[in-house]
Amino acid sequence: MVKSTMQMLLRCIARVGLLSAGASLVMLLARLIRGMQERRRTSLVCDQHLWQVPGGTCLHNRYNPLLLKVHIGSCIRKWTDDYLRERLKDTKISVHVSETPFLNFENKNFTYQVLQFDAFLDQLQQSTGSRFLYYRSQHSQRKKPSSLEVLALSEDFSLPPDLLMPFEIHSTVLRIASTGLCMWLHYDVCDNFLCCIRGRKRVVLFHPDDIGRLYISGSSSALGSRLLGKVADLEELWAEFPLAKAAWNRRREIELLAGDVLFLPAFWPHCTEALPHGPDKASISVNMFVLHPETMALHDPKDIWANRELLPAQEATKVFEEKVLPSLSKLPAVSRSFYCKKLAVQLENLASLQVPDSNDANEA
């Protein structure tokens, strides 16, 4: 960024001799502003001191992603394979296993295998790139959300208390994946701190306004993780999913390094890729899902994965699918089209009511 800014300055300075000082200054400022705007479209803001704000008010009122540089505990240096083996020993875990790195929840292009943790690490590190493994921690009591305490790892990981106020922690999830593995496009109903512990992680995010262009059913997309494939394959993808191209052109991307924390508000569709990082073939991260004060009472108490729709949305969806759609389908084509469009206008008006404005200095 510094290099490109200097180049911009030099080009402007070269023209000072041809223009008046005032005009040159205007041109310089205009170019700098345009350059900053272009970068803000595809990057996230890093505020190293955000967590020090008392009460964390800047986060619980925030509706855009934010990259944070905060201390997350001793896990960054301690979570080697040997250390994890010692802690988890013979623990049996459920692992996603796939012959392709591009996981897709809709067509289930993976199988579940129960492995001992040490066997899982061995297979992951010995992988030749033809078999991809992914582990998402679960609570030993399957009806409870994941917690690092169950894995005896909670003492190694923490987020600054001020950063978490006034959230309530829903779950803390350990994720370990083969290098190259791509997680399918989905959204969560909880705010989320995605913490990179080992390796590098590419995160592609879409604004909630693009939900209608991402072919999402439930909380997962039919696109799977194919968006993270080769650029040359995207045109084929657009032919199959034409609406997604416009959303892709407005995407936001970031690469997380070990120690980075991404604050990801609820309802932002996203997919991730475990990037190569030397000989180590394990990508390790922790998700801390938190409940937002405004929606805390609306969450489904049976939601252990942070992906069940909020209770009023569940009720509305049920009525829509069981009553509204069958009633509209009884109408002739012309009148059906009219009433669908009329209802769509009402929904659009409701959607635009009191939408929070987060266009502040830290907006992504």
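The structure this text deals with has already been given above.
Quantities reported herein were computed from a predicted structural model and do not represent experimental measurements.

Focus on the overall build of the protein chain
Step number 1: Counting its secondary structure elements, the protein chain contains 11 helices and 15 strands.
Step number 2: The buried share among the 364 residues of the protein chain stands at 43%.

With respect to the side chain of Arg 62
Step number 1: Structurally, Arg 62 can be placed in the loop between α3 (57-60) and β2 (66-69).
Step number 2: When its relative accessible area of 4% is taken as the criterion, Arg 62 is described as buried.
Step number 3: Within the structure, the side chain of Arg 62 is placed 2.8 Å from the backbone oxygen of Asn 64, a separation counted as a polar contact.
Step number 4: Within the local environment of Arg 62, its side chain forms a polar contact with the backbone oxygen of Pro 65, the two atoms lying 3.5 Å apart.

Structural notes on helix α6 (residues 117-125)
Step number 1: Among the residues making up α6, those that are buried are Phe 117, Phe 120, Leu 121 and Leu 124. All buried residues of α6 fall inside an arc of 95 degrees around its axis, so they share one side.
Step number 2: Residues of α6 that are buried make contact with α5 (81-88), β3 (92-98), β4 (111-116), β5 (132-136), β6 (168-178) and β15 (282-291).

A short note on the pattern of salt bridges
Step number 1: Tallied over the full model, the rule gives 15 salt bridges.
Step number 2: Residue Arg 198 pairs with Asp 81 through a salt bridge whose shortest N-O separation is 3.1 Å. Taken together, the positions of Arg 198 in strand β8 (residues 191-198) and Asp 81 in helix α5 put the pair 117 residues apart, joining distant regions of the chain.
Step number 3: For Arg 87, the salt bridge is made with Glu 155, and the minimal N-O distance between the two is 3.1 Å. Remark: Glu 155 occurs in the loop between β5 and α7 (161-164) and Arg 87 occurs in helix α5; sequence separation between them is 68 residues.
Step number 4: Each of the salt bridges in this network shares a partner with another, and the network as a whole consists of Arg 202, Arg 251, Glu 253 and Glu 273.

Remarks on the nonpolar core
Step number 1: Counting residues in each nonpolar core, the largest one holds 40 residues, and the members touching the most others are Trp 79, Phe 120, Phe 157, Leu 159, Leu 174, Ile 176 and Phe 193.
Step number 2: For this core, the element with the highest residue contribution is β15, accounting for five residues.

Each value, and the rule that gives it
Residues numbered from 1 in each chain as written. Predicted model: local features only at pLDDT ≥ 70, side-chain atom pairs only at ≥ 80, totals over all residues. Heavy atoms only, no water. Helix = DSSP H or I, 4+ residues; strand = E, 2+ residues; numbered from the N terminus. Buried < 20%, exposed > 50% of the residue type's maximum accessible area, 1.4 Å probe, protein only. Polar contact = N/O pair within 3.5 Å; in protein donor to acceptor, adjacent residues only side chain to side chain. Arc of directions from axis to C-beta. Contact = heavy atoms within 4.5 Å. Salt bridge = Lys/Arg side-chain N within 4 Å of Asp/Glu carboxyl O. Core = buried A, V, L, I, M, F, W, Y, C linked by side-chain atoms within 4.5 Å.

Nothing here speaks to function; it is all geometry.
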